[in-house]
Amino acid sequence: MKCYQKEGPNCHKKITFKNRTDFTLLLGELYKTGGDGKCAISFKEFKPGEDYEKQEDNCWEDNLPIEVYIVSPEKFHREGYISCDSIEIKNKVLKHYILTLDYLHQNNWTVIYE
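Residues numbered from 1 in each chain as written. Predicted model: local features only at pLDDT ≥ 70, side-chain atom pairs only at ≥ 80, totals over all residues. Heavy atoms only, no water.

Asker: How should I be thinking about the overall build of the chain in this particular structure?
Answerer: Tallying secondary structure elements over the chain gives two helices and eight strands in all. Along the chain, from the amino end to the carboxyl end, the secondary structure elements read β-β-β-β-β-β-α-β-α-β. At 15 Å, the chain has a C-alpha radius of gyration in line with the 13 Å of a compact globule built from 114 residues. Judged by the C-alpha coordinates and their principal axes, the chain covers about 40 × 40 × 25 Å. Buried residues in the chain amount to 35% of all 114 residues. Long-range pairs, those at least 24 residues apart, make up 67% of the contacts in the chain between residues at least 6 apart in sequence. On the chain, roughly 7300 Å² of surface is accessible, and the fraction owed to carbon and sulfur atoms is 46%. (Helix = DSSP H or I, 4+ residues; strand = E, 2+ residues; numbered from the N terminus. Rg over C-alpha atoms; globule rule 2.2 N^0.38 Å. Buried < 20%, exposed > 50% of the residue type's maximum accessible area, 1.4 Å probe, protein only. Contact = heavy atoms within 4.5 Å. Areas by Shrake-Rupley, 256 points an atom, 1.4 Å probe, with all protein chains shown as cover.)

What follows is the structure in structure tokens.
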């Protein structure tokens, strides 16, 4: 049986992402393999005006930093691992966030793309 910490001032279980554009975008979370320089991005369609809450069973504080990309649906790598160095070549990256504890505290655990 797994024991989870309760959400509170030192344990946040969601990060809110807000698309404040008139365009459908892709919200992608970066996953790295163990030291071989390969990465994958898990994409979620992100509609205009949409708020999306990324949930975590454990505290986000235990999993930071994470890298998140806002990508144009016109050009993105659909599946599988690629060289981490080629992310911006194989995807039309509009914004790259490195979400740290300081950044999330300063922005009330919310990331707004305008």
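Asker: How should the pattern of salt bridges be read in this particular structure?
Answerer: Where side chains of opposite charge bring their charged atoms close, a pairing between them can arise. Across all of its chains, the model carries eight salt bridges by this definition. Measuring nitrogen to oxygen at the nearest pair gives 3.5 Å for the salt bridge that ties Lys-14 to Glu-53. Taken together, the positions of Lys-14 in strand S1 (residues 14-19) and Glu-53 in strand S4 (residues 51-55) put the pair 39 residues apart, joining distant regions of the chain. Residue classification places Glu-53 among the partly exposed residues on the basis of a relative accessible area of 39%. Between Lys-92 and Glu-74 there is a salt bridge whose closest N-O contact spans 3.5 Å. Taken together, the residues span a long stretch of sequence, with Lys-92 in the loop between helix H1 (87-90) and strand S7 (93-99) and Glu-74 in the loop between strand S5 (66-71) and strand S6 (82-83) at a distance of 18 residues. Overall, the relative accessible area of 67% leaves Glu-74 in the exposed class. (Salt bridge = Lys/Arg side-chain N within 4 Å of Asp/Glu carboxyl O.)

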